[in-house]
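An overview of the molecular structure
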Amino acid sequence: MKGLYLRDRIRYLAIILIALVFVSFSGQYAVVSHAEGKDNTEDYLPVTDAIYRVNPLYAGVVSVKELYHAGELKITQDAVLNASDKATTEDEAAAKLREGLKSKTKNIYIYFEFPGTNYDSTQLISIENNVFNSAMKHTGNGSEGDYLKWGYSGMGMQIAYTRKNNVTSGTFTFYMTYYTSAAQESAVTTKVNQISKNLKLSSKGNFDKVLAVYEYVCDNVKYNYGSSNLKYTCYAAACNNSAVCQGYSLLVYRLLNDAGISCRFIAGNTSSGGHGWNIVKIGGVYYNLDATWDAGKSKDKYTYFLKSDSDFDDHSRWSQYANAEFYQAYPMSSESYEADGIGTDIPAKSLSLNKDKLTLKAGGTSQLKISVSPSKAQKGLSWKSSNKTVATVDSKGKVTGVAAGTCSVTVTSSNGKKDTCYITVTGDNKDVKSIKLNKKKLKLKKGKKFQFTVKIKPNSAKNTSLIWISSNKNVARINKKGVVKAKGAGKCTITVMTKNGKKKATCKVTVK
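Since this is a predicted model, take the numbers as computed values, not measurements. (Residues numbered from 1 in each chain as written. Predicted model: local features only at pLDDT ≥ 70, side-chain atom pairs only at ≥ 80, totals over all residues. Heavy atoms only, no water.)

This paragraph deals with the sheet that holds strand 18 (residues 398-401). The pairing of strands in a sheet happens through backbone hydrogen bonds and is either parallel or antiparallel. Spatially, 14-18-17 is the arrangement adopted by the three strands of the open sheet, whose pairing is antiparallel. What marks the edges here is a single partner per strand, and that holds for strand 14 (365-367) and strand 17 (391-393). On average, each strand axis in the sheet is inclined to that of its neighbour by 20°, with strand direction left out of account. (Pairing = 2+ DSSP bridges. Helix = DSSP H or I, 4+ residues; strand = E, 2+ residues; numbered from the N terminus. Axes fitted to C-alpha atoms, helices over the stretch in contact; angles between N-to-C directions.)

All right, on to a negative patch on the surface then. A grouping of Asp311, Asp313, Asp314 and Glu335 is seen on the molecular surface, where their side chains present a negatively charged patch. Note that glutamate 335 resides in the loop between helix 11 (324-329) and strand 12 (350-353). (Patch = residues over 30% accessible without salt bridge, like charges linked within 9 Å, V, L, I, M, F, W, Y side chains within 5 Å. Areas by Shrake-Rupley, 256 points an atom, 1.4 Å probe, with all protein chains shown as cover. Salt bridge = Lys/Arg side-chain N within 4 Å of Asp/Glu carboxyl O. Lys, Arg positive; Asp, Glu negative; His and termini not counted. Charge placed at Lys NZ, Arg CZ, Asp CG, Glu CD.)

This brings us to the sheet that holds strand 16 (residues 382-385). One open sheet accounts for four strands, arranged 13-20-19-16; its pairing is mixed. Edge strands, defined here as strands with exactly one partner in the open sheet, are strand 13 (357-361) and strand 16. Adjacent strand axes in the sheet meet at a mean angle of 25° when their direction is disregarded. Note that strand 16 and strand 19 (residues 405-412) share four bridges and pair antiparallel. The residue of strand 19 that forms the bridge with lysine 384 is threonine 410.

Here we come to the packing of helix 7 (residues 206-220) against helix 9 (residues 245-258). At a minimum axis separation of 10 Å, helix 7 and helix 9 run at an interaxial angle of 150°. The two elements helix 7 and helix 9 cross, and the hand of that crossing is right-handed. Residues Lys209, Val210, Val213 and Val217 of helix 7 touch helix 9, and the partners they reach there are Tyr248, Leu251, Val252, Leu255 and Leu256. For the contact of helix 7 with helix 9, the class distribution of residues is eight nonpolar, no polar and one charged. (Left-handed = near helix turned anticlockwise from the far one by under 90°. Contact = heavy atoms within 4.5 Å. Nonpolar A, V, L, I, M, F, W, Y, C, P; charged D, E, K, R; others polar.)

Our next topic: the packing of helix 6 (residues 182-199) against helix 7. At a closest axis distance of 11 Å, the pairing of helix 6 and helix 7 adopts a crossing angle of 120°. Between helix 6 and helix 7, the crossing angle belongs to the class labelled oblique. For the crossing formed where helix 6 meets helix 7, the hand is right-handed. Contact residues: Lys191, Ile195 and Leu199 in helix 6; Ala212, Val213 and Tyr216 in helix 7. Of the residues contributing to the contact of helix 6 with helix 7, the split by class is five nonpolar, no polar and one charged. (Parallel < 35°, antiparallel > 145°, perpendicular 65-115°, else oblique.)

This paragraph deals with the confidence of the model for the protein. Mean pLDDT over the protein: 89, with 91% of residues reaching 70 or higher. Within the model, the stretch residues 1-41 combines pLDDT values under 50 with 95 contacts to residues more than four positions away or in other chains. (pLDDT = per-residue confidence, 0-100.)

What follows concerns the nonpolar core. Counting residues in hydrophobic clusters, the biggest one holds 67 residues, and the most contacted among them are Val210, Val217, Leu251, Leu256, Leu289, Phe305 and Leu306. When residues of this core are assigned to their parent elements, the largest contribution, nine residues, is made by helix 7. When sequence neighbours within four positions are dropped, the list of residues in contact with leucine 289 reads Val210, Tyr214, Val252, Leu256, Trp277, Asn278, Val280, Tyr304, Phe305, Leu306 and Phe312. (Core = buried A, V, L, I, M, F, W, Y, C linked by side-chain atoms within 4.5 Å. Buried < 20%, exposed > 50% of the residue type's maximum accessible area, 1.4 Å probe, protein only.)

Below is the structure:
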């Protein structure tokens, strides 16, 4: 996120180190159960040591010491054997855990029973880890999947189990530390439903749903530079209207998935550090969204709305969101989504002119060329001469020398990027290049007069004396100041020319 604190940058480095451990607990953490190899004659089942880990997404933000630590785990064999809702597969255990995470339960007990007695603590810890990761897989429900994955700061894992009667049974126990409470999540649900109703999402098509949600978040959420960890939550964005990138993206995720639009939260890094954004599905393919970086803009200035990867500058995904398997599941559009009036004012990342200096004669012309990135940003360019009496420039960068002297021509993008070329105009152009009358056809009543005006180019031209001629003085006469007087009915031609006769202009006059 642009403007991240130093600890956020440190956090990104820590993420890389911790994520590998968290995704799959390695053997060094597979502690041996105290129950293993012993007859269970105690009231409580022996347990594995508890393993506590900070969510790798928030490494550097919180420490293991700050996490909630439970007391001694006490599970009786009778409680396990008599449990009526035991999970018999990893998927069943994950579904039960998901509900516990959604309700913000601190101590979550998942009773399990697996056939056979060949399970040891290492295998069970691996299964428990798989259950935890599966509980946060994307389901299309806005309050599940990525919403849960980004909604806790850390967790502990512990197992109590026994092996008897040809089955292995026990509990997977999770000790959760959340950023929000159950009451706050209830407030989020109420607010999200209200937003959806106010935006009339249920009656909109897919594109209009995405645009409505994006505009709402960009218009209503401001970036939070405070120290409270609540800023990482959807609650902060939805209810407090102030969050960091995680909050922005979780609100987009919640609103769009609840409205039936497939949306994912993508984690990655930018030139400013760790960052989060979204991808959404329209017409069978996915597009990038970054409401955080478009916040506060009008929609014609959106730079990160429905962009392809190639147009999504300064965003690099973490590996788990950039591998072939993920792209196969969430195929990205090869081109950005084009919509009238949205993102039309595209800011330039860089621009440069093909010349730093230019010399031309008075009356002469030269075309300046510009390189701009991205190329679509050319629509917002403006050109300006510092002194129009020396040289002028048109909207396409064509420079015309007017009179001897120096000036500068500057091109500027809509977001303030600019480059300048310094112009030197030499000599005075004494020859008239062209003359033009203000009328090509003229109708007059007998006795009426009309004043012709003449435009001469270049402005610096010398010897600009003119000669006026009427082809029929009985129809109309013209004096040396360009005033024509209608004399009699008929038609004639008025001609104005330089004294040397090289340049001329005409007007056809009809007198009634």
